[in-house]
Amino acid sequence: MLKNFKIKLSKGKYGNLIISLFAGILMGLSPAALNWWGLSWIAIAPLWLLVFNRQPKLKEAILTALVWGLGFHGVAIFWITGIHPMTWMGVPWLSSILIAIAVWVIISFWGAALVVCWAVLTKLITQRFFTKTKLLNASLCRVLIGVTVWCCLETIWSHSSLWWSSLSYTQSPNNLAILQLTKLSGFNTVTAAIVAVNGLIAEAIIQGQSGSQQLRTTTTKLALFLAPIALFVGLHLSGMWLESSPIVNDDLEALKVGIIQGNIPNEIKLYSSGWKKAIAGYTSGYQKLAQQGVDVVLTPETALPFFWNQITNQETSSFYRTVLATKLPIWVGAFGEAKPGYNNSLFTLTGDGKTYSRYDKSKLVPLGEYIPFEPILGKIIDRLSPLEAHLKAGASQQIFNTPFGQAIVGICYESAFAHHFRAQTKAGGEFIITASNNAHYGKAMPAQHHAQDVIRAIESDRW
């Protein structure tokens with residue numbers, strides 16, 4: 001069986017690229033909304049074999065890793081093409097679809113670049129330091145190095161402005177046992193587990209093909225091939241134990257939160273018809289929830305697409321007058337002034353009409369909410385927004401106090417950034433609030449967004 005497998009991986013450069021692409025696509029099918037998370041535990045193994053078993057030239061290894069990365073990220077984030085059509089923002093139909101495709105390609109290549117860096121660095125390090133090591137020891141060292149390099153690269157990528165598809169999110173939200181490991185060292189613990197199991201599978205095959213003297217005994221062979229299975233089972237059992245033993249004993253009182261889903265299409269959201277529907281819908285929703293006895297109400301990202309001083313003007317804002325009459329606190333998604341420009345913000349409005357706190361979104365979407373290298377690219381790329389002002393990022397360190405305690409806040413895209421939540425948790429955050437607007441995407445995007453939020457909650461150990 002191993003000989004046949006070896007032949008299949010040696011039918012030429014293009015055959016290897018097809019295998020690598022197929023394996024990457026399998027990885028891309030593992031996140032939400034399909035949730036085929038089991039595929040991620042085997043999908044890296046073919047890439048590992050192609051890069052390390054055959055000892056291809058560096059150029060060939062780069063191409064193999066690039067193709068795998070494009071397969072993974074291209075499938076996983078294909079939902080980004082849902083930004084088309086953008087005709088409602090004044091973008092012509094043809095330009096809209098070209099922009100959607102360009103954004104998808106750029107993000108896919110950015111994710112694939114991580115895989116290429118992993119293959120190159122792991123290959124160079126193992127060749128430099130472990131060429132004379134015994135084969136069995138070299139395999140174990142390569143697994144350790146492969147895990148370390150991938151985790152380091154994901155950490156670096158997660159601190160960039162463009163980040164979404166960590167290996168860890170392929171397990172969320174359905175594989176809750178393995179997600180408990182994020183309590184130990186964040187999302188990288190799950191990434192390490194996935195890479196390690198895949199690496200052990202690949203190295204077992206490599207060892208089996210080598211004819212090494214070290215593998216002559218049946219016991220050694222059996223141990224080698226059982227190692228990835230034992231690690232997979234052991235990690236899940238550890239996660240199940242962590243799930244039954246929370247790190248923090250939660251003594252917070254229950255908070256009954258009412259949520260309003262405005263259901264206002266983006267096509268009209270930022271125009272007069274959308275404004276009227278927003279005011280009417282969120283006002284009536286707020287009143288209905290108040291009658292049901294909730295403690296506080298939460299609205300989505302930019303639920304009321306106005307500047308905050310317009311919303312809190314008693315003379316012109318019927319929504320504000322309703323809050324004063326109902327006396328129920330509410331977290332409102334709106335625009336905050338930031339001269340020059342404005343912020344995508346979440347405000348705490350108390351029952352007596354006072355602005356208790358404000359949080360400004362700090363992780364903005366490249367191209368969607370701001371233009372990277374704007375002095376250069378701003379002259380080439382038209383801003384994808386009907387607003388004349390420029391959206392500004394909030395401070396990286398913010399405290400969001402509420403009448404119910406200090407909250408940890410993430411607005412939309414920020415759900416992908418673990419360090420954003422970790423910093424707020426360390427600063428004393430007691431519970432998590434996330435607010436987003438995914439109206440222009442299909443089912444996959446909000447499903448993956450929820451998957452990100454599940455990881456953030458578990459690794460932070462916060463509701």
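(A) Expanded view of the side chain of Asn188. Relative to the helices and strands, Asn188 resides in helix H9 (residues 187-210). By relative accessible area, which is 16% here, Asn188 ends up buried. Side chain to side chain, Asn188 and Thr155 meet in a polar contact 2.6 Å long. Apart from the residues within four sequence positions on either side, Asn188 is in contact with Cys151, Glu154 and Thr155.

(B) Inspection of the packing of helix H3 (residues 45-53) against helix H5 (residues 93-129) at higher detail. Taken N-terminus to C-terminus, the directions of H3 and H5 make an angle of 40 degrees; their axes are 11 Å apart at the nearest point. When the axis of H3 is compared with that of H5, the two are oblique. The element H3 and its partner H5 pack so that their crossing is right-handed. Residue-level inspection shows Leu47, Trp48, Val51 and Phe52 of H3 in contact with H5, the latter providing Val115, Trp118, Ala119, Thr122 and Lys123. When the residues that make up the contact of H3 with H5 are grouped by side-chain class, the tally is 7 nonpolar, 1 polar and 1 charged.

(C) Here's a closer look at the sheet that holds strand E4 (residues 342-349). Pairing in this open sheet of 5 strands is mixed, and the strands run E1-E2-E3-E4-E5 from one edge to the other. Two strands in the sheet have a free side with no partner beyond their single neighbour: strand E1 (257-259) and strand E5 (355-360). Strand-to-strand twist across the sheet, computed as the mean angle between neighbouring axes with direction ignored, equals 35 degrees. In this structure, E4 lies alongside E5, joined through 5 bridges in antiparallel fashion. Opposite Leu346, over in E5, you have Tyr359 as the bridge partner.

(D) Structural context of empty space enclosed by the protein. Following the criterion strictly, the structure yields 4 cavities of 30 Å³ or more and no others. Counted as a void, the largest cavity has a volume near 80 Å³. Taken together, His73, Ile77, Ile107, Trp110, Gly111, Trp157, Leu162, Trp163, Trp164 and Ser165 make up the lining of the largest cavity. No other element matches the 3 residues that H5 contributes to the lining of the largest cavity. Considering only residue class, the lining of the largest cavity consists of 7 nonpolar, 3 polar and no charged.

(E) Inspection of the packing of aromatic side chains at higher detail. On inspection of all chains with the given rule, the structure shows 21 aromatic pairs. Seen in terms of ring centroids, Trp48 and Trp118 are 5.5 Å apart; in terms of plane orientation they differ by 55 degrees. Their pairing is tilted. Of this pair, Trp48 sits in helix H3 while Trp118 sits in helix H5, placing them 70 residues apart in sequence. Through a chain of ring-to-ring contacts, the aromatic side chains of Trp48, Phe52, Trp68, Phe72, Trp118 and Trp150 assemble into a single cluster. A cation over an aromatic ring shows up here: Lys363 above the ring of Phe417, its NZ or CZ 4.8 Å from the ring centre.

(F) Region of the structure containing the pattern of salt bridges. For the coordinates displayed, the defined rule picks out 4 salt bridges. In this structure, Arg358 engages Asp360 in a salt bridge whose closest nitrogen and oxygen atoms are separated by 2.7 Å. Look at Arg358 and you get partly exposed, because its relative accessible area is 31%.

What counts and what doesn't
Residues numbered from 1 in each chain as written. Predicted model: local features only at pLDDT ≥ 70, side-chain atom pairs only at ≥ 80, totals over all residues. Heavy atoms only, no water. Helix = DSSP H or I, 4+ residues; strand = E, 2+ residues; numbered from the N terminus. Buried < 20%, exposed > 50% of the residue type's maximum accessible area, 1.4 Å probe, protein only. Polar contact = N/O pair within 3.5 Å; in protein donor to acceptor, adjacent residues only side chain to side chain. Contact = heavy atoms within 4.5 Å. Axes fitted to C-alpha atoms, helices over the stretch in contact; angles between N-to-C directions. Parallel < 35°, antiparallel > 145°, perpendicular 65-115°, else oblique. Left-handed = near helix turned anticlockwise from the far one by under 90°. Nonpolar A, V, L, I, M, F, W, Y, C, P; charged D, E, K, R; others polar. Pairing = 2+ DSSP bridges. 1 Å grid on protein atoms, 1.4 Å probe; cavity = no way out; pocket = protein on both sides within 12 Å on 5 of 7 lines; lining within 4 Å. Points joined across faces, edges and corners; volume = space filled by probe spheres on them. Phe/Tyr/Trp six-rings, centres within 6.5 Å; stacked < 30°, edge-to-face > 60°. Lys NZ or Arg CZ within 6 Å of the ring centre and 35° of its normal. Salt bridge = Lys/Arg side-chain N within 4 Å of Asp/Glu carboxyl O.

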